[in-house]
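# Tertiary structure, described
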Amino acid sequence: MCSSDLLEKLSLDIQYRHLFANEFIVRPNTVGHYVFYIIQGSVEVMSDEDPTHAILTLNSGSLIGEVNIVYPTRRLNGVKTRTPSDILMLPFASVMSIGKFDPERLDQMMTIVKNRMNWLAEENEKKFKEERDLVKAEQTEETKRKKSLGLPTSDEGENGSSHSVMDPMEIL
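Owing to the predicted nature of the structure, the values given are computational and were not obtained by experimental measurement.

## Here's the deal with the overall build of the chain
In terms of regular secondary structure, the chain is built from five helices and 10 strands. For the chain, the proportion of its 172 residues judged to be buried stands at 28%. The contacts of the chain with a sequence gap of at least 6 include a subset with a gap of at least 24, amounting to 72%. In the form shown here, the chain has an accessible surface area of approximately 12,000 Å², with 55% of it arising from carbon and sulfur atoms.

## Considerations on the nonpolar core
Within the largest apolar cluster, 12 residues are counted, these being L19, I25, V26, F36, I38, V43, V45, L58, I64, V79, I87 and M89. Once you skip the residues sitting within four places of it in the chain, V45 turns out to touch H53, A54, I55, L56, L58, N77, G78 and V79. In this structure, L10, L90, V95 and I98 belong to the second largest nonpolar core, which totals nine residues.

## Structural notes on the packing of aromatic side chains
Applying the stated criterion across every chain, the model contains one aromatic pair. Taken together, a centroid distance of 6.3 Å and an interplanar angle of 40 degrees make the contact between Y34 and F36 tilted. According to the relative accessible area criterion, Y34 is partly exposed, its value standing at 25%.

Parameters and conventions
Residues numbered from 1 in each chain as written. Predicted model: local features only at pLDDT ≥ 70, side-chain atom pairs only at ≥ 80, totals over all residues. Heavy atoms only, no water. Helix = DSSP H or I, 4+ residues; strand = E, 2+ residues; numbered from the N terminus. Buried < 20%, exposed > 50% of the residue type's maximum accessible area, 1.4 Å probe, protein only. Contact = heavy atoms within 4.5 Å. Areas by Shrake-Rupley, 256 points an atom, 1.4 Å probe, with all protein chains shown as cover. Core = buried A, V, L, I, M, F, W, Y, C linked by side-chain atoms within 4.5 Å. Phe/Tyr/Trp six-rings, centres within 6.5 Å; stacked < 30°, edge-to-face > 60°.

Function cannot be inferred from these measures alone, as they are strictly geometric.
Laid out in structure tokens, this is it:
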């Protein structure tokens, strides 16, 4: 249970916003200063590569921006409302001040944030591996195509003989 001092502190710092559909909560490429909690409604996290494409939909009960508490950085993805939404905004400084009133609760929150960060790192690693595998597959297909046409491949010289890249240290 939260202490009355903590609840009073949070009630003074928290801000309520009602947003209509298609309003930005977080603009892309901005530094975050708030954690957002969706009371009611639906929001979309937009792709950083194509800002018109939603990559994730979050609904009532979801948090936005909690990773920036531990890892403050520029937010690449925009977040905008999909439907009219009621949002609570809590400044990062207020989140960190929870530790003064309830260190155990702050530790629980930080564990959740670190788990989210680990999940994000795993997702990024999967995306990187998928992209790397796709490039390798494309290179393999290109090599097969060139061989079927009798053209030299990137690892063969003009006369069809293999060559390797020289290690610069071998020269020394």
